[in-house]
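So the chains spell out like this:
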Amino acid sequence: FPIVLVDLAYPEQGRSQVVFDNYRAGVEITEMLIKNGHQKIAFMQKNYGKTELMVKSTLDRFQGYADTLAINGLEHNPSDVWLIGNTPTLAKMAPCLMSKEDIAAGIGPILKKWKDQTDRPTALLALEDTCAVHAIRIAQEMGIDVPKDLMIVGFDNLPIARSFLPDFPTTSPDFARAEEIATELAIKYTREKMSPSLVFVHNLPVPIKLSHTE
């Protein structure tokens, strides 16, 4: 029975997949921050309890971020990983299902400590745009100037962020094209009676948007 997976897929599942190059997205958005003078960059991470439970897109972005810091000779400390949320139930695995209160409970105490640090991150990679929006609001409520004191970037170019101010960089995955490719592949399996064991992997690029108005 042919099944085509879209976006959240793992090689171990042994199915055809249409996924995004989140590793490259992590590299490019970190490179962009470094070029803009940021030498200490934090990474927001959902508390999944165990690393192996982390959503693959987040894990790939993190690896791209960490590798880019290393290539540029920048230090990465465990304290630069900002954990948010309690260990989740399966119903709350997705970052976009987290409320502002969930995010505030995690990032509020971190930002409070951040304000007292001298050698502190000047940029933060949020999990995605919803988390970036909530993090910016929380930071502003604490008197932190975003983006002057702390640049916060998102991922996925979600509707919630498109009219949000201050504007912030994000990525722009083409979800519609991913769905088209997956549908075309499913039809191909059916029409050509291909074996479900024949696996195709489409890895789509994830362009960087410096602002939502681009």
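Everything below is about the structure shown above.
For every chain, the first residue of its written sequence is number 1, and the numbers climb from 1 along that sequence. Reporting in this predicted model follows two pLDDT cut-offs: at least 70 for local features of residues, and 80 or more for side-chain atom pairs to be given and counted; totals over whole chains, interfaces and linings ignore these cut-offs and use all residues. Side-chain metrics rest on all non-hydrogen atoms present in the structure, leaving aside hydrogens and water.

**Concerning the side chain of E128**
Next up, step 1: By secondary structure assignment, the location of E128 is in the loop between β5 (123–125) and α4 (129–141).
Next up, step 2: Think of it in three bands: with a 1.4 Å probe and only protein chains considered, a residue is buried below 20% of the maximum accessible area for its type, exposed above 50%, and partly exposed in between. His is not counted here, nor are the chain ends, while Lys and Arg score as positive and Asp and Glu score as negative. The term salt bridge refers to a pairing of a side-chain nitrogen on Lys or Arg with a carboxyl oxygen on Asp or Glu at a separation within 4 Å. Despite its burial, E128 pairs with no opposite charge, the nearest such side chain being R61 at 7.6 Å.
Next up, step 3: From its side chain, E128 meets the backbone nitrogen of C131 in a polar contact 2.7 Å long. A run of H or I in DSSP becomes a helix once it reaches four residues, and a run of E becomes a strand once it reaches two; helices and strands are each numbered from the N terminus. Under the rule applied, a polar contact is a pair of N or O atoms within 3.5 Å (in protein, one hydrogen donor and one hydrogen acceptor; residues adjacent in sequence only if both atoms are side-chain atoms).

**Description of the environment of S197**
Next up, step 1: Following the sequence through the fold, S197 ends up in the loop between α5 (175–191) and β8 (201–204).
Next up, step 2: Through-space distance from the C-alpha of S197 to that of F1 is 9.2 Å; in sequence the pair is 196 residues apart.
Next up, step 3: Here the side chain of S197 touches S195 through a polar contact of 2.6 Å, side chain to side chain.

**Looking at the packing of aromatic side chains**
Next up, step 1: Paired rings are identified among Phe, Tyr and Trp, the last through its six-membered ring, by centres lying within 6.5 Å, and are further divided according to the angle between planes into stacked (under 30 degrees), edge-to-face (over 60) and tilted (the rest). Enumeration over the complete set of coordinates arrives at six aromatic pairs.
Next up, step 2: With centroids separated by 6.4 Å and ring planes inclined at 65°, the aromatic side chains of F164 and F168 adopt a geometry described as edge-to-face. Grouping residues by exposure puts F164 and F168 together as buried.
Next up, step 3: An angle of 75° between the planes, with centres 6.2 Å apart, marks the rings of Y189 and F200 as edge-to-face. Taken together, the residues Y189 in helix α5 and F200 in the loop between α5 and β8 connect sequence positions 11 residues apart.
Next up, step 4: By relative accessible area, F200 is classed as partly exposed at 26%.
Next up, step 5: Feature note: the residues F43, F62 and Y65 constitute an aromatic cluster, connected by ring pairs.

**A look at the sheet that holds strand β1 (residues 4–6)**
Next up, step 1: Strand order in the open sheet formed by three strands is β1-β2-β8, with parallel pairing between adjacent strands. Strand pairing shows two members of the sheet lacking a second neighbour, β1 and β8, which therefore form its edges. The average angle at which neighbouring strand axes cross in this sheet is 10°, direction not considered.
Next up, step 2: Whether two strands pair depends on DSSP finding at least two bridges between them. Sheet topology note: the β1/strand β2 (residues 16–20) ladder contains three bridges and is parallel. Of the residues in β2, the one forming a bridge with L5 is Q17.
Next up, step 3: The strands that α5 touches are β1, β2 and β8; relative to β2, the one it contacts most, it runs at about 170°. Working convention: axes come from line fits to C-alpha atoms, limited for helices to the stretch in contact. Angles between N-to-C directions cover 0 to 180 degrees. Residue contacts are counted whenever heavy atoms from the two residues lie within 4.5 Å of one another.

**Quick word on the pattern of salt bridges**
Next up, step 1: Counted under the stated rule, the structure contains seven salt bridges.
Next up, step 2: Residues D156 and R61 are paired through a salt bridge, measuring 3.3 Å at the closest nitrogen-oxygen approach. Residue D156 is found in the loop between β6 (151–153) and β7 (170–171), and its partner R61 is found in helix α2 (residues 56–71); the two are separated by 95 residues along the sequence. Both residues of the pair, D156 and R61, belong to the buried class.
Next up, step 3: Between E184 and R177 there is a salt bridge, with the nearest N and O atoms lying 3.7 Å from each other.
Next up, step 4: Each of R177, E180 and E184 takes part in a single network of salt bridges with overlapping partners.

**Describing the sheet that holds β6**
Next up, step 1: Sheet architecture is open: four strands sit in the order β4-β3-β5-β6, paired in parallel fashion. Both outer strands of the open sheet, β4 (81–84) and β6, are each paired with one neighbouring strand and no more. Each adjacent strand pair in this sheet contributes to an overall mean axis angle of 25°, direction not counted.
Next up, step 2: Sheet topology places β5 next to β6; three bridges connect them, and they run parallel. Across the sheet, residue A123 finds its bridge partner in β6, namely M151.
Next up, step 3: Sitting on the sheet, helix α3 (residues 100–116) touches β3 (41–46), β4 and β5, and the angle it makes with β4 is about 145°.

**Details of unusual backbone geometry**
Next up, step 1: V146 connects to P147 through a cis peptide bond whose omega is 15°.
Next up, step 2: Its place among the elements puts P147 in the loop between α4 and β6.
Next up, step 3: P166 follows L165 through a cis peptide bond whose omega is 0°.
Next up, step 4: Phi angles above zero are rare outside glycine, and D156 is one such case at about 95°.
Next up, step 5: Of note, N157 is a non-glycine position whose phi angle comes to about 50°, a positive value.
Next up, step 6: With respect to the secondary-structure elements, N157 resides in the loop between β6 and β7.
Next up, step 7: For N157, a relative accessible area of 13% gives the class buried.

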